[in-house]
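# Per-entry structural report
The lines below spell out each chain.
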Amino acid sequence: MTRPRVLLAAAVAALALALLQLPASAATGPSAPAPVAPRAHDLDSVATAWRASAPATVVVGRSARGRAIVATRQGRADAPYVLLVLGQMHGSEPRGRAVVDQVRRLAPPAQVQVWTISTMNPDGAAAGSRTNARGVDLNRNFPRGWVYRWTRPWFYPGRAPASEPETRAVMAFLDRLRPGLVVSLHQAFNSIDVGSGKSVLWAARLAAALGLPQRSVPCGTGPCTGTLTQWFNAGHPGVAITVELPRTVTTSRALAYARGILRVGARLAG
Ligand SMILES: [Zn+2]
């Protein structure tokens, strides 16, 4: 190689090295901003703005059979604290819906907006089945800790994380709403699930207000996987707790549970 060619090769190599060491934004031009993960504060601001303009009734999505999944708000749209009560995830567990019916008849706590979803599984409710119309246990279908494993057909987690329209609808709504407390009603273990360490304080408050014992509720025969509470607690500042009602809940008992849930919700405001 002649001397000029050696110099040219060295210059090209130096230029290539310099380009490699430049930050990506400089190499691709100033109009290409580097991706930045959204900060919790920004997400809260977006949620506050969304809530302030949201109607009091929102269709959050549709079931596999096309039935609407509906959320309704009580209280002011600009109330700073948010409680969500989910009446039913498993269609064979109907009494949480009776508790939601009673919540909707009561005044929300001061500074708290109370959102209720009577059922996120309207197909299962119509059929009286635990699973949705596609045979999926929605409380195994959330994308946190999801595994393709089940011990009974009614625990089938779906073919993939968040494969079900009901799961995706509730995820999108919770991401948008960012409630401080989610109470997810089930039957019939007659207890407050102590769940993760994040929920200890609120589980104790719910146990006291509802008169139900705290315990770790079993998920079939193994550890819980792909549950709503796992997903929400891992990725949101709020707390989600499973409340297992007894098998029998009279109307007066449903009213007492509704009052208890709202008393606990009032604690969001301090
Ligand atoms: Zn259940």
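Residues numbered from 1 in each chain as written. Predicted model: local features only at pLDDT ≥ 70, side-chain atom pairs only at ≥ 80, totals over all residues. Heavy atoms only, no water.

### A closer look at the coordination of the zinc ion
Under the convention used in this document: Coordination shells were defined by N, O and S atoms within 2.8 Å of each metal, extended to 3.2 Å for Na, K and Ca; water is absent from the atom set, which can make sites look incomplete. Note on geometry labels: four donors, all angles 85 to 135 degrees, give tetrahedral; four donors become square planar and six octahedral when opposite donors are over 155 degrees apart and every other angle is between 65 and 115; remaining cases are irregular. Under the scheme applied here, a residue whose accessible area is under 20% of the maximum for its type counts as buried, over 50% as exposed, and between as partly exposed, the area being computed with a 1.4 Å probe on protein chains only.
Within the protein, the zinc ion binds to His-90 (ND1), Glu-93 (OE), Glu-93 (OE) and His-186 (ND1); these donor distances fall in the range 2.0 to 2.5 Å. Each of the 4 donor atoms bound to the zinc ion contributes to angles spanning 55 to 155°, and the resulting shape is irregular. Along the chain, the residues that donate to the zinc ion are spaced as H-x2-E-x92-H. Here the two residues His-90 and Glu-93 agree in accessibility, since each one is buried.

### Observations regarding the sheet that holds strand E3 (residues 81–86)
This is how the line gets drawn: Paired strands, as defined in this entry, are two strands with at least two bridges between them according to DSSP. Secondary structure elements are taken from DSSP: a helix is a run of H or I of four residues or more, a strand is a run of E of two residues or more, and numbering for both begins at the N terminus. Any two residues whose heavy atoms approach within 4.5 Å at even a single point are treated as in contact. Note on geometry: axes are lines fitted to C-alpha atoms, helical ones only across the stretch in contact, with angles between N-to-C directions running from 0 to 180 degrees.
One open sheet accounts for 8 strands, arranged E1-E2-E4-E3-E5-E8-E6-E7; its pairing is mixed. Lying at the two open borders of the sheet, with one neighbouring strand each, are strand E1 (57–62) and strand E7 (214–215). Judged from the 5 bridges that link them, E1 and strand E2 (residues 68–74) form a sheet pairing that is antiparallel. Counterpart to Thr-57 in the pairing with E2 is Thr-72. Strand contacts of helix H6 (residues 165–177): E1, E2, E3, strand E4 (112–117) and strand E5 (181–187), with the helix running at about 140° to E1, the strand carrying the most contacts. Sheet contacts for helix H9 (residues 251–266): E3, E4, E5 and strand E8 (239–245); angle to E3, the most-contacted strand, approximately 150°.

### Notes on the packing of aromatic side chains
Keep this limit in mind: Two rings belonging to Phe, Tyr or Trp (six-membered ring only in the last case) form a pair when the distance between their centres is within 6.5 Å. Interplanar angles under 30 degrees mark stacking, angles over 60 mark edge-to-face geometry, and anything in between is tilted. The criterion for a charge sitting over a ring is simple: Lys NZ or Arg CZ within 6 Å of the ring centre, and within 35 degrees of the ring normal.
Scanning all chains against the criterion turns up 10 aromatic pairs. Judged by centre distance (4.9 Å) and plane angle (80°), the ring pair of Trp-150 and Tyr-156 falls under edge-to-face. Using a relative accessible area of 38% as the deciding quantity, one classes Trp-150 as partly exposed. Stacked on the ring of Trp-202, the Lys or Arg Arg-205 has its end atom at 4.5 Å from the ring centre. Taking NZ or CZ as reference, Arg-253 lies 4.7 Å from the ring centre of Tyr-257, over its face.

### Here we look at the layout of surface pockets
Empty pockets left among the atoms are what a rolling probe the size of a water molecule brings to light. Inclusion rule: The pocket and cavity definitions rest on a 1 Å grid over protein atoms only: a 1.4 Å probe that fits but cannot leave marks a cavity, an open set with protein on both sides within 12 Å along at least five of seven lines marks a pocket, and residues lining either have an atom within 4 Å of a point. Grid points are joined across faces, edges and corners, and a volume is the space filled by probe spheres set on the points. Just so you know the grouping, Ala, Val, Leu, Ile, Met, Phe, Trp, Tyr, Cys and Pro go in nonpolar, Asp, Glu, Lys and Arg go in charged, and all remaining residues, Gly too, go in polar.
Computed from the structure, the largest pocket encloses a volume of approximately 620 Å³. Elements with a minimum of two residues in the lining of the largest pocket: E5, helix H8 (228–235) and E8. Per-class residue counts for the lining of the largest pocket are 10 nonpolar, 16 polar and 6 charged. There is about 170 Å³ of room inside the second largest pocket. Together, 13 residues line the second largest pocket, and Arg-149, Thr-151, Cys-219, Pro-223 and Thr-225 are the ones closest to its centre. Looking at the lining of the second largest pocket residue by residue, the classes come out as 6 nonpolar, 5 polar and 2 charged.

### Observations concerning the environment of Ala-203
Along the chain, Ala-203 falls in helix H7 (residues 200–210). Given a relative accessible area of 0%, Ala-203 falls into the buried group. Sequence separation between Ala-203 and Ile-241 is 38 residues; the distance between their C-alpha atoms is 6.8 Å. Beyond its immediate stretch of four places on either side in the chain, Ala-203 contacts Ile-192, Asp-193, Val-194, Gln-214 and Ile-241.

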